[in-house]
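Residue strings, one per chain:
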Amino acid sequence: MDRYALIGNPVEHSKSPLIHAAFASQTRQELSYQALLAPLDGFSDTVRMFRAEGGRGANITVPFKIEACSLATRLTERAKLAGAVNTLTFMDDDILGDNTDGIGLVRDLIINLACPLASRHVLLLGAGGAARGALFPLLQTKPASLTIVNRTVERAQKLRSAFSPHAGQTTFTAGGFKDLGGWEFDVVINATSASLQNETLPLPGNIFAHDAFAYDMMYNASGTSFLNWARAAGVARFSDGLGMLVEQAAESFALWRGVRPSSASVLSKLRLQLASHD
Ligand code: ATR
């Protein structure tokens with residue numbers, strides 16, 4: 001049986017094994033997918049061992065996505081630009097590194113949530129790894145404008161410089177939270193980790209255009225602090241990042257198996273599970 005794994009530290013609460021098992025049964029693919037804990041100083045050894053034991057591919061999670069980028073012998077363009085890898089495919093002579101996080105976000109927004117990005121005004125909050133991974137796929141959707149803001153303004157400016165060759169016709173700007181006064185956006189995406197610490201971002205309450213969409217890449221049972229804030233600011237359309245998790249997995253699965261699973265039933269199962277832990 002073809003073997004796949006999620007490699008990270010920690011991995012015990014990961015939903016990826018459940019998601020990939022559901023995809024496998026839905027598409028009638030014979031495969032196994034396990035969570036594999038790598039020691040913090042033993043990522044490449046863990047990958048090597050898994051590959052030697054017949055592993056065909058692996059998803060990579062915290063804190064190894066950047067290390068996985070160096071371990072890969074070939075990178076897709078989106079992985080190169082993200083500077084991080086969440087999907088490894090073991091080939092005869094090569095290890096192919098890809099990053100499916102950003103396309104997972106874009107597919108969740110456009111397909112699952114019916115929130116188009118083309119020709120819209122998009123605000124991306126944060127300039128860490130999550131934001132970096134999302135930028136190229138976001139620019140590829142051709143928004144009218146893409147604005148990155150970050151607490152540390154220089155990080156946002158650095159990202160803008162790195163990705164500006166890929167901006168095409170999109171007006172691409174970067175700044176700090178205090179620069180947002182007076183601007184309105186159709187789609188506001190939170191890629192900061194502030195929700196993890198239950199912290200609220202210093203955002204003006206009037207950044208949302210009519211019928212705007214608020215999206216948090218994080219998720220938790222009680223609603224993230226960013227989404228709770230957005231709802232209080234009057235936003236009617238919003239989502240957490242559970243769909244992004246399922247979509248990035250679907251993209252990895254499609255890459256490995258050559259068949260795209262349908263994500264809707266898996267997402268509703270996870271949604272129910274999350275609600276029951278509330
Ligand atoms: P990740 O890989 O999850 O993106 P990261 O690279 O550590 O993690 O980046 C975390 C992001 O969340 C950064 O943009 C960080 O802002 P700084 O670059 O200024 O550190 C942002 N962030 C985290 N906590 C925040 C908070 N309380 N308020 C505003 N931004 C916050």
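Residues numbered from 1 in each chain as written. Predicted model: local features only at pLDDT ≥ 70, side-chain atom pairs only at ≥ 80, totals over all residues. Heavy atoms only, no water.

Peer 1: Break down the overall build of the protein for me, with residues and values.
Peer 2: Assigned secondary structure in the protein consists of 10 helices and 12 strands. In terms of C-alpha radius of gyration, the protein reaches 19 Å, essentially the compact-globule figure of 19 Å for 278 residues. The principal-axis extents of the C-alpha atoms in the protein amount to approximately 55 × 40 × 30 Å. Across the 278 residues that make up the protein, the buried fraction comes to 51%. For the protein, the computed accessible surface area is about 12,800 Å², with 52% contributed by carbon and sulfur atoms. Of the charged side chains in the protein, 25 are positive and 25 negative; the average position of the first set lies 3 Å away from that of the second. (Helix = DSSP H or I, 4+ residues; strand = E, 2+ residues; numbered from the N terminus. Rg over C-alpha atoms; globule rule 2.2 N^0.38 Å. Buried < 20%, exposed > 50% of the residue type's maximum accessible area, 1.4 Å probe, protein only. Areas by Shrake-Rupley, 256 points an atom, 1.4 Å probe, with all protein chains shown as cover. Lys, Arg positive; Asp, Glu negative; His and termini not counted. Charge placed at Lys NZ, Arg CZ, Asp CG, Glu CD.)

Peer 1: Can you break down the sheet that holds strand S2 (residues 31-37) residue by residue, with the values?
Peer 2: Taken in spatial order, the six strands of this open sheet run S2-S1-S3-S5-S6-S4, and their pairing is mixed. Among the strands making up the open sheet, the edge pair consists of S2 and strand S4 (74-75). One ladder, built from three bridges, connects strand S3 (residues 55-60) with strand S5 (residues 87-90); its direction is antiparallel. Residue Asn59 lies in a different strand from S5, and its bridge partner there is Thr87. Against the sheet, helix H9 (residues 242-257) engages strand S1 (2-8), S2, S3, S5 and strand S6 (95-98), with an angle of about 10 degrees to S5. (Pairing = 2+ DSSP bridges. Contact = heavy atoms within 4.5 Å. Axes fitted to C-alpha atoms, helices over the stretch in contact; angles between N-to-C directions.)

Peer 1: Give a description of the site of the ligand that names residues and reports values.
Peer 2: Surveying the vicinity of the ligand reveals 15 residues, the closest of which are Asn150, Arg151, Thr152, Arg155 and Glu199. Contact distances for the ligand include 2.9 Å between an oxygen atom and a side-chain N or O atom of Arg151. In this structure, Ser193 approaches the ligand through a main-chain N or O atom, which is 3.0 Å from an oxygen atom. When isolated, the ligand has an accessible area of 640 Å², and the protein chains bury 75% of it. Looking at the shell around the ligand residue by residue, the classes come out as four nonpolar, eight polar and three charged. (Near = heavy atom within 4 Å. Polar contact = N/O pair within 3.5 Å; in protein donor to acceptor, adjacent residues only side chain to side chain. Nonpolar A, V, L, I, M, F, W, Y, C, P; charged D, E, K, R; others polar.)

Peer 1: Any details on the domain arrangement of the protein? Residues and values, ideally.
Peer 2: Per the domain assignment, the segments of the protein are domain 1 (2-99 + 243-276) and domain 2 (102-240). The distance between the C-alpha centroids of domain 1 and domain 2 comes to 25 Å. Contact residues are listed per partner, giving 18 residues for domain 1 and 18 residues for domain 2. In total, domain 1 and domain 2 occlude about 1,500 Å² of area from one another, counting both sides; carbon and sulfur atoms represent 60% of this. (Domains from an automatic or database assignment. Buried area = accessible area lost by both parts, 1.4 Å probe.)

Peer 1: Lay out the environment of Ala144 in plain terms, naming residues and giving numbers.
Peer 2: With respect to the element layout, Ala144 can be found in the loop between helix H6 (129-140) and strand S8 (145-149). For the pair Ala144 and Ser119, spaced 25 residues apart in sequence, the C-alpha to C-alpha distance is 4.2 Å. Among residues more than four places away in sequence, those in contact with Ala144 are Ser119, Arg120, His121, Gln169, Thr170 and Thr171.

Peer 1: Can you break down the sheet that holds strand S10 (residues 185-190) residue by residue, with the values?
Peer 2: Spatially, S9-S8-S7-S10-S11-S12 is the arrangement adopted by the six strands of the open sheet, whose pairing is parallel. Strands with a single pairing partner mark the edges of an open sheet, and in this sheet they are strand S9 (171-175) and strand S12 (237-239). Sheet twist, expressed as the average angle between the axes of neighbouring strands with direction ignored, equals 15 degrees. Bridge analysis of S10 against strand S11 (residues 208-216) gives five bridges, and the strand direction is parallel. Along S11, the bridge assignment pairs Ile189 with Tyr215. Lying over the sheet, helix H7 (residues 153-163) contacts S8 and S9, oriented at roughly 155 degrees with respect to S9. The sheet strands contacting helix H8 (residues 225-232) are strand S7 (121-125), S10, S11 and S12, and the helix crosses S11 at an angle near 165 degrees.

Peer 1: Residues and numbers for the nonpolar core, please.
Peer 2: Formed by 29 residues in total, the largest nonpolar core has its most connected members in Leu105, Leu124, Leu138, Ile189 and Met217. Take this core: its biggest share by element is six residues, from H6. Ile19, Leu31, Ala249 and Leu274 belong to the second-largest nonpolar core, a separate cluster that totals 20 residues. (Core = buried A, V, L, I, M, F, W, Y, C linked by side-chain atoms within 4.5 Å.)

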